[in-house]
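Architecture and fold: a report
For reference, the chains in residue letters:
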Amino acid sequence: MTTHLIKGARPLGGDAVDILVEDGRIAAIGDSLAATGAEVVEAGGLIALPGLVDLHTHLREPGREDAETVETGSRAAALGGFTAVHAMANTDPVADTAGVVEQVWRLGQEAGLVDVVPVGAVTVGLKGERLAELGAMADSAARVRVFSDDGHCVSDPALMRRALEYVKAFDGVVAQHAEEPRLTVGAQMHEGDRSARLGLTGWPAAAEEAIIARDVLLAEHVGARLHLCHVSTAGSVEILRWAKSRGVQVTAEVTPHHLLLTDACAESYDPVFKVNPPLRTEADIEALRAGLADGTIDAVGTDHAPHAVEDKESEWAQARPGMLGLEQALSVVIETMVEPGRLDWAGVADRMSVRPAQIGRLAEHGRPIAPGEPANLVLLDPGTRATVDPAALASRSRNSPYAGRELPGRVVATFLRGIATVLDGKATR
Amino acid sequence: MARTPEPARSPSPGSAPGTLLTGADVARVIDRIAHQLIERAASVTAGRDAPAGDATGLSSLVLVGIPTRGAPLARRLAARIEAFSGITVDVGTVDITLYRDDLRLRGVRALESTVLPDGGIDDRLVVLVDDVLFSGRSVRAALDALRDLGRPHSVQLAVLVDRGHRELPIRADYVGKNVPTSRSQQVRVHLAETDGVDEVLVTEGESQ
Amino acid sequence: MKRHLLEAADLDRDDATLVLDTAAQIEQALAGREVKKLPTLRGRTVVNLFYEDSTRTRISFELAAKRLSADVINFSAKGSSVSKGESLKDTALTLEAMGADGVVVRHSASGAPHRLANWVRGSVVNAGDGTHEHPTQALLDAYTIRHRLGRLDGVRVTIVGDVLHSRVARSNVVLLQTLGAEVTLVAPPTLLPVGVGSWPAEVGYDLDAVLPKSDVVMMLRVQGERMNASFFPSAREYSRRYGLDARRMAALPDDAIVMHPGPMNRGMEIAAEVADSVRSTIVEQVANGVSVRMAVLYLLLGGAAQ
């Protein structure tokens, strides 16, 4: 295995040091380290962070390999600075059995660019009717700990209660897609002034908040862990803050796009901006940023959702919801949180690596940059600004909401257990 | 040595340079055309069934102005004809915008009124009235419009100024003033109804 | 004027007035003529792309285009490649290859004309998109009001009914405000969109309170199936609270008019005796639709190709 000597990197934005990576682990950290035969990476003041962990990625394989595969999605993730991604269960077939989650896990191992951690479906076929074999998935080679019907809400309160209880047996967590389905029939965008004018059916904030409120009460009642996918409203942040103050074991993620974009994007009727939950208002963005800054929101989850061209180049209502996120997530966090001074680099590491790894129970990720720890690292140049060109993305799809937008930050190198998956800003495989 | 048309001279002392017709000139020219119309109406309609008691043929006459400035000119001609002959002649306007062949070149513009006498124009002597006769394309458009509006007995053309440079086989039957111009010159007709003053100017510059 | 007419907000006050004036001149030019045809758009191709059945709107646009001598191609969803799953974009590229100068589009999806406008070079005219807008309907309504009342500035227009699902209401609120009228929306709260407070209109729930202060009452079609989704309890209750009958019509000022974009549900939102009364402009609206659409086509397609 190649030995890497990273010269002059700044862990969490601190002083520049050299980092020696050997046998997949950090062997030494110090000034003017030398190692014969090591491949030298001149970091020249780049920020070093623990490899990022995404709790919410759609890799589309099996089923929609025309939109993304485990391999192309893994490459996009590595280029975004990730060393682990949780692959959502809404594939075809649905990842609701040990067989499917093991297949996805194996594909991830073969690609070898990030650790692909399968998420298991909560209910059979994501239908919300009866529990999938959660224990079998937990016991499989994929060691599933996060369960989600993402894309669908586990809306039946009794079923949700049982799921929360059941996964306690193997320290699992249910990641809820909070959307009261009866309140969002035909919903196309955030319900407010703009939806009224654009004639697009509204997706009320209350439809998210009602489920979050219900589920934190259920989690408290049964003493279970609950994770909330892609919270998008100021009201959700309020409920979370309240629940955490009561000691409920609830965690939550926010997507990069909900930190940056508003429902004004819908005015173009370009479905690249159609996403579920929908883009909200300036006030929501402000609440989400504040929640992420103070830790009420634990993590950034990309909800990377690749879609084939024909599923996006259409009428708004016909288009599928979702947008790419892996390759720009860190840039958006720098733009919305770091540059305005709301999060320092330790904070970025916490929200994008440490806490998501803890939520997913990934022992080898989200670790400190210290000798003896797994060498899962990302080196980034925070100052470089570049315009996003969808054609240049590693994802197989092109539905980036940031197309044409200038964003800061460039991932220069990513190391997965000591192996460089990205060097000089390019994937190594 | 190539000959260029002479610039128009001032017709009367004291008028501004480039003035082709003063207000008084315009009035005189309209009077003359009115007299010519009275004479010709009788001969053009001779032998046709004129209403009883109309020996002049003027009851057959319809003056149809081409907006913008053809419309007030037509009304003035009618007023002078009435003053000279005591007979009220019908007046109308026909907007030619929707018949133009240069919309694609010059872009769309606001429309103006098309108003015809109650009896229409079938079997009558229609005299189109315009301010300036230039390429002849406006008149052609007006002829196309008239074809859709009815079937006149005959159509004639009266203009205040004929400045030459015809692009179509069209000529005027009544001309206030023939003016040799160069293509680059502009002939501007101002009338009290539309511009606050009666005058005809020639200016240098791109033709409109 | 902008190249496309996608929504009422594409027209500023000058543009909107130009459309109405042009429609009036066209109507005058064609009045009483045997040959109701103008050569203006000879050689131009207008495609009527209708993804929703709407015979009256399609015929109105078709007549308007034909009276301007344009070549008209009707492309309806039924029996075409559209129903075989061809995407809007592929259809747009087909139209583009055929050299359409104008595309009149009716679609059940809000914003479909906006998408189309990205993909074709010709002018796109929105003939109704989902629950978004129907700008030519608003233009013909404004034309009808101006024709009947002689003005738009300061005219008090009350729009009654299913505002939530109405593209006619959205276009009218924007256009009438642009033209200086004062709009009041009256509906059960369930049929008003969340966010209606940001519209340039007053909002009320009591029809009887508003009628004496209305110069124009515009009744919107209410679909009976709405009551199955609990927007209101029953047709009878809706009709009693928000229907326009002879008793309510009597509360209107003397010269007030009653409008309806059609098709009507007689006995539901409007009583037959109201629809057929002298105040009703419903038939005029249909006739005015052709003149207004001719004006729109002339102003968008008559000039230089872009």
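Residues numbered from 1 in each chain as written. Chains lettered and ligands numbered in written order. Predicted model: local features only at pLDDT ≥ 70, side-chain atom pairs only at ≥ 80, totals over all residues. Heavy atoms only, no water.

1. Things to note about helix 7 (residues 234-245) of chain A
Every α-helical turn comprises 3.6 residues, leaving residues that sit three or four positions apart pointing alike. Residues and elements named next belong to chain A. The end-to-end C-alpha distance of helix 7, which contains twelve residues, comes to 17 Å, matching closely the 16 Å that a straight helix rising 1.5 Å per residue would cover. Along helix 7, the positions that sit buried rather than exposed are Ser-236, Val-237, Ile-239, Leu-240 and Ala-243. The buried residues of helix 7 occupy one face: seen down the axis, they fall within an arc of 165°. Residues of helix 7 that are buried sit in contact with helix 6 (205-222), strand 13 (226-228), strand 14 (250-254) and helix 9 (282-294). Just beyond helix 7, the residue with positive phi is Gly-247, at close to 85°. (Helix = DSSP H or I, 4+ residues; strand = E, 2+ residues; numbered from the N terminus. Expected span 1.5 Å × (residues − 1). Buried < 20%, exposed > 50% of the residue type's maximum accessible area, 1.4 Å probe, protein only. Arc of directions from axis to C-beta. Contact = heavy atoms within 4.5 Å.)

2. Looking at the interface of chain A and chain C
In this assembly, 19 residues from chain A lie in contact with 19 residues from chain C. With both chains or domains summed, chain A and chain C bury close to 1400 Å², and 53% of this area falls on carbon and sulfur atoms. Here C:Arg115 makes a salt bridge to A:Asp270, at a shortest N to O gap of 3.7 Å. In this structure, the connection of chain A to chain C is made through seven residue pairs in polar contact (both at pLDDT 80 or more). Tallied by class, residues from the side of chain A that touches chain C come to seven nonpolar, five polar and seven charged. (Buried area = accessible area lost by both parts, 1.4 Å probe. Salt bridge = Lys/Arg side-chain N within 4 Å of Asp/Glu carboxyl O. Polar contact = N/O pair within 3.5 Å; in protein donor to acceptor, adjacent residues only side chain to side chain. Nonpolar A, V, L, I, M, F, W, Y, C, P; charged D, E, K, R; others polar.)

3. Brief notes about the interface of chain B and chain C
The interface is formed by 16 residues belonging to chain B together with 20 residues belonging to chain C. With both chains or domains summed, chain B and chain C bury close to 1600 Å², and 58% of this area falls on carbon and sulfur atoms. Considering only the surface of chain B that becomes buried against chain C, B:Leu98, B:Arg104 and B:Val108 emerge as the three largest contributors, covering 40% of it. When the shortest N-O distance is used, the salt bridge between B:Asp148 and C:Arg33 registers 3.5 Å. Between chain B and chain C we count five residue pairs in polar contact (both at pLDDT 80 or more) in total. Of the residues that constitute the side of chain B that touches chain C, the class distribution is eight nonpolar, four polar and four charged.

4. Here we look at helix 4 (residues 112-119) of chain C
Burial runs high along helix 4 of chain C: seven of the eight residues are buried. Contacts from the buried residues of helix 4 of chain C go to strand 1 (45-50), helix 3 (88-98), strand 3 (102-107) and strand 4 (123-129) of chain C.

5. Describing the domain arrangement of chain A
All names here are of chain A. You can read the domains of chain A as domain 1 (4-47 + 373-427) and domain 2 (51-359). For domain 1 and domain 2, the distance between their C-alpha centres works out to 26 Å. Listed as interface residues are 34 residues of domain 1 and, on the opposing side, 46 residues of domain 2. Summed over both partners, the interface of domain 1 with domain 2 comes to about 3200 Å²; 64% of that surface belongs to carbon and sulfur atoms. Considering only the side of domain 1, the residues that lose the most area to domain 2 are Arg-396, Asn-399 and Tyr-402, jointly responsible for 22% of the buried surface there. At the boundary of domain 1 with domain 2, the tally comes to three salt bridges. For Asp-115, the salt bridge is made with Arg-417, and the minimal N-O distance between the two is 2.7 Å. Where domain 1 packs against domain 2, one counts 19 residue pairs in polar contact (both at pLDDT 80 or more). Of all the secondary-structure elements, those providing two or more residues to the side of domain 1 that touches domain 2 are strand 16 (377-387), strand 17 (406-416), strand 18 (419-423) and strand 19 (426-427). It is strand 17 that contributes the most residues to the side of domain 1 that touches domain 2, seven residues altogether. (Domains from an automatic or database assignment.)

6. Observations regarding the sheet that holds strand 4 (residues 125-133) of chain B
Strand pairing in a sheet relies on backbone hydrogen bonds. The paired strands run either parallel or antiparallel. Residues and elements named next belong to chain B. Strand order in the open sheet formed by five strands is 3-2-4-5-6, and the pairing between neighbours is parallel. Both outer strands of the open sheet, strand 3 (90-93) and strand 6 (174-178), are each paired with one neighbouring strand and no more. When the angles between neighbouring strand axes are averaged without regard to direction, this sheet yields 25°. Packed on one face of the sheet, helix 1 (residues 23-44) meets strand 2 (61-65), strand 4, strand 5 (154-162) and strand 6 and runs near 150° to strand 6. In the packing of helix 2 (residues 70-85) onto the sheet, the strands contacted are strand 2, strand 3, strand 4 and strand 5, and the crossing angle to strand 2 comes to about 150°. (Pairing = 2+ DSSP bridges. Axes fitted to C-alpha atoms, helices over the stretch in contact; angles between N-to-C directions.)

7. Quick look at the sheet that holds strand 10 (residues 173-176) of chain A
All names here are of chain A. Read across the sheet, five strands follow the order 9-10-13-14-15 without closing on themselves; strand pairing throughout is parallel. With one partner strand each, in any of the chains shown, strand 9 (146-147) and strand 15 (299-300) form the two edges of the open sheet. Inspection of the sheet shows strand 13 paired to strand 14 by three bridges, in the parallel sense. Pairing of His-227 across the sheet is with Thr-251, part of strand 14.

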